[in-house]
Amino acid sequence: MKTSKWSFLFSPYFVMTLVMVMYVVKVIAKVSVGSWINSPVLTGDGLHNLSDIFEAVLVMLSVYISRLPKSENYPFGRKNVESLLVLAIGLSMFGLTLQILNKSSIGILQFFPEVDTWVRSYLDLPTYEPLLMGSGYFWWVFGVTGVSVTLSFFVGTYQIRIGKNQEHPSLIADGKETYSDGRIEATTLVGILSEYYFQAPWIEYVLGLGVAAIVANTGREMFLHGWRALLQRSIGKDKEEEIKKIASRIEGVNNVDKLMTFSVGSTAVCIITVISRVRANMIKHVRRTAEVRLSRYLKEAGFAGHEIYVRLQMPNPNFYRVAEAITKKDEGLSIAGSLSTATHLRIYDIEREKPVRATDEPTAGLSLNEVVALLKRKRVTTFSIFLADPDLEKAVSEAGIKFCLSPIVKVLADSAF
Amino acid sequence: MDIPIKRLPAPPLSEATEPKVFVPDIIRNYPHFALSVAQILGVPLQIYAPPILCGVPGYDTEAINHLQKERLQYLFPGSEPVSEIAIDPGMIVISNSIAEKRQPFTVIAPRYMTKFDPHGKKKIIVSLGDGPTGLAASQFAIWFAKRIGFSLVFWHTTWRDHTVTSDDPRDHMNHHAKIVLLKAQTMAEEANVPYEVDVRTISEAIADGIVTAAYDHDCCLIVMKRGDAVIGSHCDSTVERTPIPLMVVA
């Protein structure tokens, strides 16, 4: 593979180093400016960024582990370690949601002192700290927050892009969290601006509630993604139906017997068993075609990688016996017109709808009842003759054997072997 | 099995040639597949039904034939029983076992399919070599595809010529193979049948190569003609290896 001097930009380790540098700068700037102006959202967000630094280290570690090659003990590799981290990030985002909700609610409550007192009689809420906003602070606060917003959106998008490009769900999840940070910071920025220009700090708290909802939703998606991958949930009924349809369309495949799908990280694993009667030297073609077509579909369905295992299984032999009344002469064989002109009963063993063995039982001198008894003894399930005979049909049917009229006088055996 | 066949000199294949679909056995998937071929060609399906060997009181040969016809019509609408067949250029026999042997007529081995082109792929692949067999297969395939409105894929696999530096497999084809391909393309253009060309350098057995290509192009039928090799043929190997229906041109 050709490498350029810019290829390091696509390295997940470079991306996460950049993320860590960004968070260090943010923590210092936000905590100091937030404490200065008494902005709970800004200070809290700055402190939250401390845990983001630790999280970035975990993402790097999980990327390293997930890249370790497959082994006997880890046949699908170790990509699910990233799902574990995605789950954890999803959970941490619920915590972040509660934090924003708490601070925004306190901010809103202080505009309604009676409700605030009533709520505080039941809940032990922290003291409201008003935002200090004046011309002396404004440009500092605006600058720090504005740069933070820009950095979060830029770095978050970069993380998501590289995460998708390099197939690392933990990088994508962390990128989404960074992007959510950007949203929170944007809310703070709006609050600062509304306070400065309209003396309306409440806008920040109302927007905070909206951001809490968005963060909660992102957290829910991540949690479910990690949960489903860890518990090896199927990749979805609609996708499985499509997989079955694709496999069934392949010449040589009768139908799909079993299908198992799950994800390992962003890799879809598909274990499919198809019923097929193809000969041994045809198996490789059916298997290769299934692999090619399913991998094309899984790629289109958005999976970064795929592992496809195709098994071919012969259909159930479905063994049974049928019999024909035949006339056997020197000139050849034909289906007998009636029992009186039949010379033999030809009894076939059928497997997979194909005659595999036949024997001839002479009928000369046998009465109707003896013929029926012979059919019963040979465990025949279907008996055929060319012309209709009500007595024969009644006797055969009463013995629990299906009675049929042959469509043509050509015997089955003539072409079956 | 011994089917009475009239071996009369047949006129060459032309646009006016009327197709005839014949099935020797009403077992397995044959009649259903044959019926769908007959339907797509818009001709009746002929089913081999020999005469009854032992008469039955009250039923003469005509009555027996009438019964056979009635029952076949019920089972396979649009079919008719025949007790002998005459070879003509448009005749297509449906049978896996017959396709495995050299025959004076065209045979389709349906393999495991119960219907011709059940998924509406409308694409046929023709195997070309550097001799006249590929051209004969192309001629029949063009006639067949034109009749049913299908498109064609002309496929050729070539050995790598180590004196050629190009990566394009066409540059590795020998002179005769290039002429055959060009002629096949010209015939398709003259007949107004759409086609694609797929030339690959050999990477597996030729029979496996054509099956792989047929799957890659999503074709519903492979068309080949048996050559005059002293032992075996690509056609024999393909019959053994393809789960996709194969037409062996007479």
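Fair warning: this is a prediction, and the values are worked out from it, not measured in the lab.

### Some thoughts on the overall build of chain A
Reasoning step 1: In terms of regular secondary structure, chain A is built from 12 helices and 9 strands.
Reasoning step 2: For chain A, whose C-alpha radius of gyration is 38 Å, the value lies well above the compact-globule estimate of 22 Å for 417 residues.
Reasoning step 3: Each principal axis of the C-alpha distribution contributes one length, and for chain A these read about 120 × 60 × 35 Å.
Reasoning step 4: In chain A, the share of contacts with a sequence separation of at least 24, taken over all contacts with a separation of at least 6, comes to 63%.

### Concerning the overall build of chain B
Reasoning step 1: Of regular secondary structure, chain B possesses 7 helices and 12 strands.
Reasoning step 2: The globule rule puts the C-alpha radius of gyration for 250 residues at 18 Å, and the 20 Å found for chain B is close to it.
Reasoning step 3: With the principal axes as the frame, chain B shows a C-alpha extent of 80 × 35 × 35 Å.
Reasoning step 4: Here chain B, with 250 residues, has 45% of them falling under the buried criterion.
Reasoning step 5: Sequence-distant contacts, at least 24 apart, represent 73% of the contacts inside chain B between residues at least 6 apart.

### Some details on the sheet that holds strand E2 (residues 20-23) of chain B
Residues and elements named next belong to chain B.
Reasoning step 1: One open sheet holds the 10 strands; their spatial order is E4-E3-E2-E6-E7-E12-E11-E8-E9-E10, and the pairing between them is mixed. Of all strands in the sheet, those bounded by a partner on one side alone are strand E4 (79-82) and strand E10 (195-201). The mean inter-strand angle of the sheet, taken between neighbouring strand axes irrespective of direction, is 25°.
Reasoning step 2: Against the sheet, helix H2 (residues 61-75) engages strand E3 (45-48) and E4, with an angle of about 150° to E4.
Reasoning step 3: With respect to the sheet, helix H5 (residues 175-191) is in contact with strand E9 (151-158) and E10, its orientation differing from that of E9 by roughly 180°.

### What about the interface of chain A and chain B?
A common way to report how large an interface is uses the accessible area buried once the components associate.
Reasoning step 1: The interface of chain A with chain B comprises 31 residues on the first partner and 32 residues on the second.
Reasoning step 2: Of all the elements in the fold, those that place two or more residues in the side of chain A that touches chain B are helix H9 (283-300), strand E4 (320-329), strand E5 (332-335) and helix H12 (413-416) of chain A.
Reasoning step 3: For the side of chain A that touches chain B, a count of residues per class yields 11 nonpolar, 11 polar and 9 charged.

### Remarks on the pairing of E4 of chain A
Residues and elements named next belong to chain A.
Reasoning step 1: For E4, the buried fraction is high: 7 of the 10 residues fall into the buried class.
Reasoning step 2: The pairing of E4 with strand E6 (residues 344-351) spans 7 bridges and is classified as antiparallel. Its bridge partner lying in E6, Glu324 is registered against Arg346.
Reasoning step 3: Where E4 meets strand E8 (residues 382-385), 3 bridges bridge the pair, whose relative direction is parallel. Bridge pairing links Glu324 to Ser384 in E8.

### Details of the environment of Ile326 of chain A
Reasoning step 1: Its place among the elements puts Ile326 of chain A in strand E4.
Reasoning step 2: Residues contacting Ile326 of chain A, with those up to four places away along its chain left out, are Leu333, Ser334, Ile335, Ala336, Ala342, Thr343, His344, Arg346 and Val411 of chain A.

### Side note on unusual backbone geometry
Reasoning step 1: Although it is not a glycine, Arg379 of chain A sits at a positive phi angle of roughly 60°.
Reasoning step 2: Within the secondary structure, Arg379 of chain A sits in the loop between helix H10 (368-377) and E8.
Reasoning step 3: In this model, Asn192 of chain B sits at a positive phi of 65°, which is unusual for a non-glycine residue.
Reasoning step 4: With respect to the element layout, Asn192 of chain B can be found in the loop between H5 and E10.
Reasoning step 5: You can call Asn192 of chain B exposed: it has 8 C-beta atoms within 10 Å.

### Some points on the domain arrangement of chain B
All names here are of chain B.
Reasoning step 1: Per the domain assignment, the segments of chain B are domain 1 (5-94) and domain 2 (117-249).
Reasoning step 2: Between the C-alpha centres of domain 1 and domain 2 the distance comes to 30 Å.
Reasoning step 3: Residue-level contacts link 5 residues of domain 1 with 5 residues of domain 2.

### Here's the deal with the packing of helix H6 (residues 169-198) of chain A against helix H7 (residues 202-230) of chain A
Residues and elements named next belong to chain A.
Reasoning step 1: Put simply, H6 and H7 touch, their axes get as near as 9 Å, and they point 175° apart. As summarised for this structure, H6 and H7 are arranged roughly antiparallel, according to the angle between their axes. Contacts between H6 and H7 involve Ala173, Lys176, Ser180, Arg183, Ile184, Thr187, Thr188, Val190, Gly191 and Ser194 on the former and, on the latter, Ile203, Glu204, Leu207, Gly208, Val211, Ile214, Val215, Thr218 and Met222.
Reasoning step 2: Residue composition of the contact of H6 with H7, grouped by class: 9 nonpolar, 7 polar and 3 charged.

### Here we look at the domain arrangement of chain A
Reasoning step 1: Taken as a whole, chain A is organised into domain 1 (7-230), domain 2 (237-313) and domain 3 (320-416).
Reasoning step 2: On a C-alpha basis, the centres of domain 2 of chain A and domain 3 of chain A stand 43 Å from each other.

### Regarding helix H7 (residues 234-241) of chain B
Reasoning step 1: Among the residues making up H7 of chain B, those that are buried are His234, Cys235, Thr238, Val239 and Arg241 of chain B.
Reasoning step 2: Contacts made by the buried residues of H7 of chain B are with H9 of chain A together with helix H3 (96-99), strand E7 (106-109), helix H6 (206-216), strand E11 (221-225) and strand E12 (246-249) of chain B.

### Description of the environment of Pro194 of chain B
All names here are of chain B.
Reasoning step 1: Its location among the elements puts Pro194 in the loop between H5 and E10.
Reasoning step 2: What makes Pro194 partly exposed here is the crowd of 13 C-beta atoms within 10 Å.
Reasoning step 3: On a C-alpha basis, the gap between Pro194 and Phe150 in space is 7.9 Å, while along the polypeptide they are 44 residues apart.

What counts and what doesn't
- The residue count restarts for each chain, going from 1 along the sequence in the order it is written.
- Chain letters and ligand numbers both follow the written order, the letters beginning at A and the numbers at 1.
- Whole-chain, interface and lining totals are the exception, using all residues; otherwise, since this is a predicted model, local features are given only for residues with pLDDT of at least 70 and side-chain atom pairs are given and counted only at 80 or more.
- Numbering of helices and strands starts at the N terminus; helices are DSSP runs of H or I of at least 4 residues and strands are runs of E of at least 2.
- Values of the radius of gyration come from C-alpha atoms, whereas the globule rule sets the reference at 2.2 Å times the count of residues to the power 0.38.
- With C-beta atoms placed from the backbone, a contact is any residue pair whose C-beta atoms sit within 7 Å.
- With C-beta atoms placed from the backbone, a residue counts as buried when 20 or more other C-beta atoms lie within 10 Å of its own, as exposed when 12 or fewer do, and as partly exposed for counts between those limits.
- Pairing between strands is defined by DSSP: at least two bridges between the two strands are required.
- For helices, the fitted line uses only the C-alpha atoms of the stretch in contact; every axis is such a line through C-alpha atoms, and the angle between N-to-C directions lies from 0 to 180 degrees.
- For this classification, Asp, Glu, Lys and Arg are treated as charged, while Ala, Val, Leu, Ile, Met, Phe, Trp, Tyr, Cys and Pro are nonpolar and the rest, including Gly, are polar.
- Delimitation of the domains relies on an automatic or database domain assignment.
- Working definition: roughly parallel below 35 degrees, roughly antiparallel above 145 degrees, roughly perpendicular at 65 to 115 degrees, and oblique for all remaining angles.

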